[in-house]
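So you can see what is in the structure, the chains are spelled out below.
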Protein chains: 2
Amino acid sequence: MYFHALIPFKPTNPKTRLSCILNQEEREAFARAMLEDVIASVLKSGCSATLLCTHPFKHENALIAVRKESLNEAINWALGQFHCPALIIMADLPLVTAGDIQRLIRTEKDMAIVPGRGGGTNVIFLKKPRCFHADFYGASFLDHLRIAEECGFSVDVIDSFRMSTDVDEKEDLVEILIHGKKRKSREFLESSGFSIVIDEKGRVGVQRDPHKETL
Amino acid sequence: MYFHALIPFKPTNPKTRLSCILNQEEREAFARAMLEDVIASVLKSGCSATLLCTHPFKHENALIAVRKESLNEAINWALGQFHCPALIIMADLPLVTAGDIQRLIRTEKDMAIVPGRGGGTNVIFLKKPRCFHADFYGASFLDHLRIAEECGFSVDVIDSFRMSTDVDEKEDLVEILIHGKKRKSREFLESSGFSIVIDEKGRVGVQRDPHKETL
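Computed from a predicted model, the values in this text were never measured in an experiment.

Visitor: Help me understand the sheet that holds strand E7 (residues 155-157) of chain B, please; the structure alone is not making it clear to me.
Guide: Backbone-to-backbone hydrogen bonds pair the strands of a sheet. The strands run either parallel or antiparallel. Residue and element names in this part refer to chain B. The strand order E3-E2-E1-E4-E6-E5-E7 describes an open sheet built from seven strands, whose pairing is mixed. The open sheet has two edge strands, strand E3 (63-66) and E7, and neither has a second partner. Recorded for the sheet is a direction-independent mean angle of 20° between the axes of neighbouring strands. With three bridges connecting them, strand E1 (residues 3-9) and strand E4 (residues 86-89) associate as parallel partners. Bridge assignment links His4 to a residue of E4, and that residue is Ala86.

Visitor: Would you mind showing me how to read the relation of the copies chain A and chain B here?
Guide: Copy one and copy two of the chain differ by a rotation about an axis and a translation along that axis. With an RMSD of 0.0 Å, the operation that places chain A on chain B is a rotation of 180° combined with a shift of 0.0 Å along the axis. In short, the pair behaves as if placed about a two-fold rotation axis. Of the residues that chain A buries at the interface, 100% are likewise interface residues in chain B, meaning the two copies contact each other through the same surface.

Visitor: Sorry, what's going on with the interface of chain A and chain B here?
Guide: It is common to give the size of an interface as the accessible area lost on bringing the parts into contact. Contact residues are listed per partner, giving 32 residues for chain A and 32 residues for chain B. Contact with chain B buries area across many residues of chain A, yet Arg117, Asp159 and Phe161 of chain A alone supply 27% of it, more than any other trio. Taken together, the connections running from chain A to chain B amount to eight salt bridges. For Asp159 of chain B, the salt bridge is made with Arg162 of chain A, and the minimal N-O distance between the two is 3.7 Å. Put simply, chain A and chain B have 16 residue pairs in polar contact (both at pLDDT 80 or more) between them. Contributing elements (two or more residues each) for the side of chain A that touches chain B: helix H3 (98-105), helix H4 (140-151), helix H5 (161-164), helix H6 (173-179) and strand E8 (194-198) of chain A. Here the side of chain A that touches chain B is built from residues that sort into eleven nonpolar, eight polar and 13 charged.

Here is what the cut-offs are and how they apply
- Residues numbered from 1 in each chain as written.
- Chains lettered and ligands numbered in written order.
- Predicted model: local features only at pLDDT ≥ 70, side-chain atom pairs only at ≥ 80, totals over all residues.
- Heavy atoms only, no water.
- Pairing = 2+ DSSP bridges.
- Helix = DSSP H or I, 4+ residues; strand = E, 2+ residues; numbered from the N terminus.
- Axes fitted to C-alpha atoms, helices over the stretch in contact; angles between N-to-C directions.
- Least-squares fit on C-alpha atoms with pLDDT ≥ 70 in both.
- Contact = heavy atoms within 4.5 Å.
- Buried area = accessible area lost by both parts, 1.4 Å probe.
- Salt bridge = Lys/Arg side-chain N within 4 Å of Asp/Glu carboxyl O.
- Polar contact = N/O pair within 3.5 Å; in protein donor to acceptor, adjacent residues only side chain to side chain.
- Nonpolar A, V, L, I, M, F, W, Y, C, P; charged D, E, K, R; others polar.

Without other data, these values stay purely geometric and don't point to any function.
Here is the structure:
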């Protein structure tokens, strides 16, 4: 393992913006399926994985740290433990591939960062993690660029649709169904009765087979 | 100029989904600003540009073809004229860079394609355009993959956040304000009083200075 990946994860009642189409048990299973997709790509890229969990959780292929504090405090606590390069990657990026992660860890800059949609940050790779602090809130992409500048870091902004696609809302499920071949998260959605549907204006959405709803 | 780029463009009453925040004159100016961003990157990448316009339009640095038929019919008419490799690129991708376009035109495959969000297609590069036909409607990304397969084309799917970001709705303006440094479209938005705003849940949106509204 070359580098260490930190993956924040909320096992209990996650992804509440999907409550309109998935009940709590389903959301927990779906979040775990997306996590499996992320962990698989992380391990395949040559990184080891530590889950920063809000509640107790078990995983065969990852270390676990249960942290009660906020997302940023948990990440910054973990960064303080590191003496080696670190990758911070969100657990809701099911389209990420091992090759995508390698685009970050092979950077020649001090830091590589992947923006998410709406001003967010989805992945950060840090060669000197102890100098940095995470600020995942609001327009975090601009905040992280500013923090990198304060640290004197050179920065590589990685342009990636797959890694920019975090899954929070019903419409985001379209991306998994269209681009998520072989992903556990797509298997979950398909076995739960989800499929794509095109409305009269040509816009693509998701629908669920009512026979497979358990709400 | 190595390759020829086709850019469909609607100069009159474009981007109606932005009507809630921009009047028709403003939407036309904004669409032109995004077009300028796309043309600048196309020319810098080494391609020449032809605009496929729904209405008469003039441009110093591009050829113009006014076509009354639908988007797909216009593109397929143009592809029929080509004897050289062709790039089809949408006019509402203001974040695209010349380097991004070069990722497509340097492909070793027969075709390179960039998905947009929601199942769409934002850019296609074709080495043998006359074998292909465009089908920009609904889940066009999957349709274009199927058409490529029917043509026997090898396909390169290009993973790009910037090129996946087409601008149709108010929330898409966030991407220009955050990632659109030096873009004409960002200049337009800023001079029209737009800025980013973060709500109480940490979500990023846009707001407009009421003194600069002309609705």
